[in-house]
Structure formats: C-alpha cells, structure tokens
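Notes for the structure review
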Amino acid sequence: MGGYDGYPEGAPCWADVTLPDLAAGKRFYGALLGWTFDEDAGPGAVAFSGGGRVAGLVPKRDGRMPTAWGVYFATPDAKGLAVRIAAAGGRLVSGPVPAGPSGATAVAADPGGAVFGLWQPGVHTGFERTGEPGSFCWTEVYTRDPERADAFYESVFGFEGADLDGTDGEFRTWSPAGSAPGPDTAFGGRALMGDAFPAEMPAHFLVYFAVGDCDATAEACVELGGRLKAEPFDIAYGRMAVLHDDQGAGFAVLQRE
C-alpha cells in the first residue's frame, strides 16, 4: 500500500512505542528499519521511511507506563466511538484529548484488557506508507477469550471476521467493514493465547512491520542489543519473527512471500 488521504473508521492508522530513552530508540530503529526522524515533533519523534510517516516514538512520562508498541484505529468521532466501546463491554483508559492541529487521541481497552488507541485525524491523518519494508503491515490482538473479543471488535468497528483455515478458530482475520472477509482484504486479526503464553501475560496487541529479509532483521536486532522472542519462522503470508528492542518493547517483522 502507499499513502492515504484519510482512513475509514476502524482502520489501523498509526502505531507508536513508549520508551524510557528516546535517543536510544531512535538509534535502534534507525539502524534496524532504516528510519529517519523529525526533530521538531515536540517531546516525541515521528519516524519516516521512504519520505513518508511510518510510526512514532514517545518518551515515558511516568515510570509505571509500559515500554510497549501500541496501535491506533481511525475514527471521525472519538467521543462517539468511546460511548460505543463502553456499551460493548470495553472501557476508556484516557481521553479523548486534543493533540493540537494534528487531531485528537484516546486510549481504550477491550473486555479482555487489551489496550489500543483511537485517532481522530486533523492535519496528521496517520501512516503515509504501509505494507512496504520499514512500514506497518499488520496487527493482531492476543486474547484468552476469543468469542468475546470477536463480538467486541466486530460490533464496535464493524470488522468482517473470518476464521483462518486450519486453525480451528484459534486465529481470525479482520477485514474492513463492508468488505468481503478473508485474507485478501484483511488488515489484522485475533489470535488465541494458548498454553505457550505465560499465565501472567495480559491480552495485548502485536504490531508488525514489513521487512525485506526477516532473518537478517532478526540477526540485526540481537546485534543492536535487542532479543528474539520468536525466531524467524514460516507462515501462510511469508516469514516472520517476534522481536524486542533494546529497551524491551515487543513487535513483529514480516517478510512477505
């Protein structure tokens, strides 16, 4: 995909990572994914790849905040969406609050506790590049209650869900409202947290970035001080790995077939 003038409601439109050391984050992701950064982005940093916005780096305001990547879903009306989220069993964590001329933002949690963001665009409409090396390409929520998660996201955002063949319902893809559900239109999905996940791990979203060479990226991550949570392995869409940066934030990389 290339850039967009705007995103329909429910589309993943932005991702950012909250870090204790912003300068270290810029060094890590600059080396790993080839990102450059806007030095005039206020307290945080906007990452660019190929001349387009691809992500944000945000300094921790409070040591109790998680060091983590988060995904934002687009909406023309953050306040109205917050009401629907609460009615469907989710909750608002913070906001909506204005972000100057850029737009307005809020943070919410689904019924299982997985946290995600809402973005009501102003002059900042979100990603300017997706699906290309160095940019966002996928997201999925990991949950222990898949039926409740499916009902929540498909009612709040109108996602069109389809169970992935051969997974016995453990993985479900999501496509935009009004589209034909399935892998050809999917932008993300829902995964079951099974016995392989530690009992103390909460429900959460995983953000994916496209890369040209999954194995080389995983190796570079370790060389830069990060670590591998899941070594490179093949999936139906290509080859992926789950990584942690040198400050502990987790994310995935995907090399498309």
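One can find the structure itself at the top, above this paragraph.
This write-up is about the structure you can find in this document. (Residues numbered from 1 in each chain as written. Predicted model: local features only at pLDDT ≥ 70, side-chain atom pairs only at ≥ 80, totals over all residues. Heavy atoms only, no water.)

1. Topic: the overall build of the protein
For the protein, the helix and strand inventory stands at four helices and 16 strands. A globule of 257 residues ought to have a C-alpha radius of gyration of about 18 Å, and the protein, at 17 Å, matches this closely. Across its three principal directions, the C-alpha atoms of the protein cover 45 × 40 × 35 Å. Counting every position in the protein, which comprises 257 residues, the buried fraction comes to 49%. For the protein, restricting intrachain contacts to residue pairs at least 6 apart in sequence, the fraction spanning at least 24 positions comes to 58%. Carbon and sulfur atoms make up 52% of the accessible area of the protein, which totals about 11500 Å². Where the 18 positive side-chain charges of the protein centre and where its 34 negative ones centre are 8 Å apart. (Helix = DSSP H or I, 4+ residues; strand = E, 2+ residues; numbered from the N terminus. Rg over C-alpha atoms; globule rule 2.2 N^0.38 Å. Buried < 20%, exposed > 50% of the residue type's maximum accessible area, 1.4 Å probe, protein only. Contact = heavy atoms within 4.5 Å. Areas by Shrake-Rupley, 256 points an atom, 1.4 Å probe, with all protein chains shown as cover. Lys, Arg positive; Asp, Glu negative; His and termini not counted. Charge placed at Lys NZ, Arg CZ, Asp CG, Glu CD.)

2. Regarding the nonpolar core
By size, the foremost hydrophobic cluster in this structure holds 57 residues, and its most contacted members are Trp35, Trp69, Phe116 and Tyr153. Setting aside its immediate chain neighbours within four residues, Tyr153 contacts Asp110, Ala114, Phe116, Val141, Gly158, Phe159, Trp174 and Phe205. (Core = buried A, V, L, I, M, F, W, Y, C linked by side-chain atoms within 4.5 Å.)

3. Here's the deal with the environment of Cys214
Looking at where Cys214 falls in the secondary structure, it is placed in helix α4 (residues 214–223). Under the relative-accessibility criterion, Cys214 is labelled buried at 0%. Sequence separation of Cys214 and Ala114 is 100 residues, and the distance between their C-alpha atoms is 27 Å. Excluding residues that lie within four positions of it along the chain, Cys214 makes contacts with Pro232, Arg239, Met240, Ala241, Val253 and Gln255.

4. Remarks on the pattern of salt bridges
Inspection of every chain in the model, using the stated rule, returns 10 salt bridges. Note that Arg172 is salt-bridged to Asp150, the shortest N-O span being 3.9 Å. A residue pair is termed long-range when its members are at least 10 positions apart, and Arg172 in strand β11 (residues 171–175) and Asp150 in helix α3 (residues 146–156) qualify at 22 residues. With relative accessibility at 11%, the residue Asp150 sits in the buried group. Salt bridges sharing partners connect three or more residues here, namely Asp150, Glu154, Asp163, Arg172 and Arg190. (Salt bridge = Lys/Arg side-chain N within 4 Å of Asp/Glu carboxyl O.)

5. Regarding the sheet that holds strand β5 (residues 68–74)
What holds strands together in a sheet is hydrogen bonding between their backbones, with the strands either parallel or antiparallel. The strand order across the open sheet built from eight strands is β2-β3-β4-β1-β5-β8-β7-β6, with neighbouring strands paired in mixed fashion. Of all the strands in the sheet, the pair left with one neighbour each is β2 (36–38) and β6 (91–98). For this sheet, the mean inter-axis angle between neighbouring strands, taken without regard to orientation, is 30°. Helix α2 (residues 78–87) contacts β6, β7 (103–109) and β8 (115–121) of the sheet and is inclined by roughly 150° relative to β8. (Pairing = 2+ DSSP bridges. Axes fitted to C-alpha atoms, helices over the stretch in contact; angles between N-to-C directions.)

6. Re the packing of aromatic side chains
Evaluation of the coordinates by the stated rule reveals 28 aromatic pairs. Look at Phe73 and Phe205: their rings are 5.8 Å apart centre to centre, the planes differ by 65°, and that puts the pair in the edge-to-face class. Here Phe73, found in strand β5, pairs with Phe205, found in strand β13 (residues 204–210); they are 132 residues apart in sequence, far enough to count as distant. For the pair Phe73 and Phe205, one class covers both residues: buried. Joined through ring pairs, the aromatic side chains of Phe73, Phe116, Phe152, Tyr153, Phe157, Phe159, Trp174, Phe187 and Phe205 make up one cluster. (Phe/Tyr/Trp six-rings, centres within 6.5 Å; stacked < 30°, edge-to-face > 60°.)

7. What about α4?
Along an α-helix, residues three or four positions apart point the same way, because every turn accommodates 3.6 residues. Taken residue by residue, α4 has Cys214, Thr217, Ala218 and Cys221 as its buried positions. Looking straight down α4, one finds its buried side chains confined to an arc of 100°; they lie on one side. The exposed residues of α4 that point more than 90 degrees off its buried face are Glu219 and Glu223. Lining the buried residues of α4 we find α1 (22–33), β14 (227–235), β15 (238–244) and β16 (250–256). With a side-chain oxygen positioned 3.2 Å from the backbone nitrogen of Asp215, the residue opening α4 is Asp213. Just past α4, the residue Gly225 takes up positive phi, approximately 100°. (Arc of directions from axis to C-beta. Polar contact = N/O pair within 3.5 Å; in protein donor to acceptor, adjacent residues only side chain to side chain.)

8. With respect to the pairing of strand β1 (residues 12–19)
A large share of β1 lies buried, amounting to eight of its eight residues. The pairing of β1 with β5 spans six bridges and is antiparallel. Opposite Asp16, over in β5, you have Gly70 as the bridge partner. Where β1 and strand β4 (residues 52–59) come together, four bridges link them in parallel fashion. From the neighbouring strand, Leu19 faces β4, where its bridge partner is Pro59.

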